[in-house]
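# Chain and residue survey
Listed below are the residues making up each chain.
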Amino acid sequence: MSSALTDLFPHPIVQAPMAGGVSVPQLAAAVSEAGGLGFLAAGYKTADGMYQEIKHLRGLTSRPFGVNLFMPQPEYAESGAVEVYAHQLAGEAAWYETELGDPDSGRDDGYDAKLAVLLDNPVPVVSFHFGIPSRDVLDSLRRAGTLTLVTATTAEEALAVERAGADAVIAQGVEAGGHQGTHRDIPENDGSGIGLLSLIAQVREAVSIPVVAAGGLMRGSQIAAVLAAGAGAAQLGTAFLATPESGANTLHKQALTNPLFARTELTRAFSGRPARGLVNRFLREHGPYAPAAYPEIHHLTSPLRKAAAKAGDAQGMALWAGQGHRLARELPAGELVEVLVGELDAARTALPDGGDGR
């Protein structure tokens, strides 16, 4: 792993940026203060909202942190499929006594405005999801003193990340909770995701830039495994979702270990893009019919998800979670980092080569 990145945080633990109000400044600060790399999620926020969270975070810690951006999405041509899905959701809107959202509420997530803020007020690390920024963007961030990471779900995507000039690639296995960071949303590829350990091996053989491993990691022993496989650090999301500092809804936190939600699935039901969540009523009933239309479906279902949360109905919420969700621990984020580091050290000690992959 490039020393420029690992010098920022003493422990090889990155808190995944979880959009939708989960990765709040308090969570990122607690992780960074404990020696990991905390992250803010700028997805679904305005540029000013992102800026205010960065200011808040800087007031909580002087340690390095990161900010994650969503890449703008290409135009979706089949508007008829969105209309059909909206018709199928009419009963949900009536049940929750709300209106469906406007599917044409924007495709770029304020990308240019957020980049302008991050160039005027540089942060230590910026990561990108759903595609690769241009070389000009990556070079501009580098000149501002910012290290850049881009998510990839295949070796081919990782190679494209390296060619674009990013400092590191986040290898996201199919086990990961929330949205898969595929660069192109191809429905024919649904269900063909690669497991994390296989992905790390393929990415390591394809690129020379550092690799951060992401996908279903919940224990220090798993972190040791991905480090031994060639990653330089591990990114954990669901593990931090249950912490008191997380901004996740209480129902979401409780569902991680609730026996009623025994498994996860990749679904397009809530957003129109493959995302892994706990299987609930909404996912079961609407997942088979949801079209590949992001962010149109995200905008369409947003009022439904908010209404379900307000009503205390976890069966109508998007309960994003990785495959390791049953291993979630309700520990303060800083304490969780310490526990993970202890488990990592113990696992490394048990390995013949010290767990460094030599």
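A short tour of the structure in this document, coming up. (Residues numbered from 1 in each chain as written. Predicted model: local features only at pLDDT ≥ 70, side-chain atom pairs only at ≥ 80, totals over all residues. Heavy atoms only, no water.)

## Comments concerning the pattern of salt bridges
For the record, the criterion: By salt bridge we mean one thing: a side-chain nitrogen of Lys or Arg within 4 Å of a carboxyl oxygen of Asp or Glu. Helix and strand definitions follow DSSP, with helices as H or I runs of at least four residues and strands as E runs of at least two, each counted in order from the N terminus.
Tallied over the entire structure, the rule returns eleven salt bridges. A salt bridge links Arg281 to Glu92; the nearest nitrogen and oxygen atoms lie 2.7 Å apart. Taken together, the positions of Arg281 in helix H13 (residues 281-286) and Glu92 in helix H5 (residues 90-95) put the pair 189 residues apart, joining distant regions of the chain. The salt bridge partner of Asp190 is Arg268, with a shortest N-O separation of 2.9 Å. With a gap of 78 residues between them, Asp190 in the loop between strand S7 (178-179) and helix H9 (196-206) and Arg268 in the loop between strand S10 (264-267) and strand S11 (275-278) connect regions that are remote in the sequence.

## Here's the deal with the sheet that holds strand S3 (residues 65-70)
Stated formally: Two strands pair if DSSP finds at least two bridges between them. Whenever a helix is involved, its axis is fitted only over the stretch in contact; in every case the axis is a line through C-alpha atoms, and angles between N-to-C directions fall within 0 to 180 degrees. Only heavy atoms matter for contacts: two residues are in contact if any of them lie within 4.5 Å across the pair.
Spatial strand order, S1-S9-S8-S6-S5-S4-S3-S2: eight strands in an open sheet with parallel pairing. What marks the edges here is a single partner per strand, and that holds for strand S1 (13-15) and strand S2 (38-41). Adjacent strand axes in the sheet meet at a mean angle of 25°, parallel and antiparallel pairs treated alike. Sheet topology note: the strand S6 (residues 168-172)/strand S8 (residues 211-214) ladder contains four bridges and is parallel. Its bridge partner lying in S8, Val169 is registered against Val211. The strands touched by helix H3 (residues 47-60) within the sheet are S2 and S3, with S3 carrying the most contacts at an inclination of about 165°. Across the sheet, helix H10 (residues 220-228) touches S1, S8 and strand S9 (233-236), and the angle it forms with S9 is around 135°.

## Focus: the packing of aromatic side chains
As a reminder of what qualifies: Each pair of aromatic rings taken from Phe, Tyr and Trp, with Trp reduced to its six-membered ring, is defined by centres within 6.5 Å and is described as stacked if the planes are under 30 degrees apart, edge-to-face if over 60, and tilted in the remaining cases. Exposure categories follow from relative accessible area, calculated using a 1.4 Å probe and restricted to protein chains: below 20% of the type maximum is buried, above 50% is exposed, and the middle band is partly exposed.
Scanning the entire structure with this criterion turns up five aromatic pairs. Relative to Phe70, the ring of Tyr44 lies with its centre 5.2 Å away and its plane at 80°, an arrangement referred to as edge-to-face. With Tyr44 in the loop between S2 and H3 and Phe70 in strand S3, this pair connects stretches of sequence that are 26 residues apart. According to the relative accessible area criterion, Tyr44 is partly exposed, its value standing at 31%. Taking the relative accessible area as the measure of exposure, Phe70 reaches 8% and is therefore buried. Between Phe270 and Phe282, the ring centres sit 4.7 Å apart and the planes meet at 20°, which makes this aromatic pair stacked. Pair noted here: Phe270 is in the loop between S10 and S11 and Phe282 is in helix H13, with a separation of twelve residues, a long-range link.

Nothing here speaks to function; it is geometry throughout.
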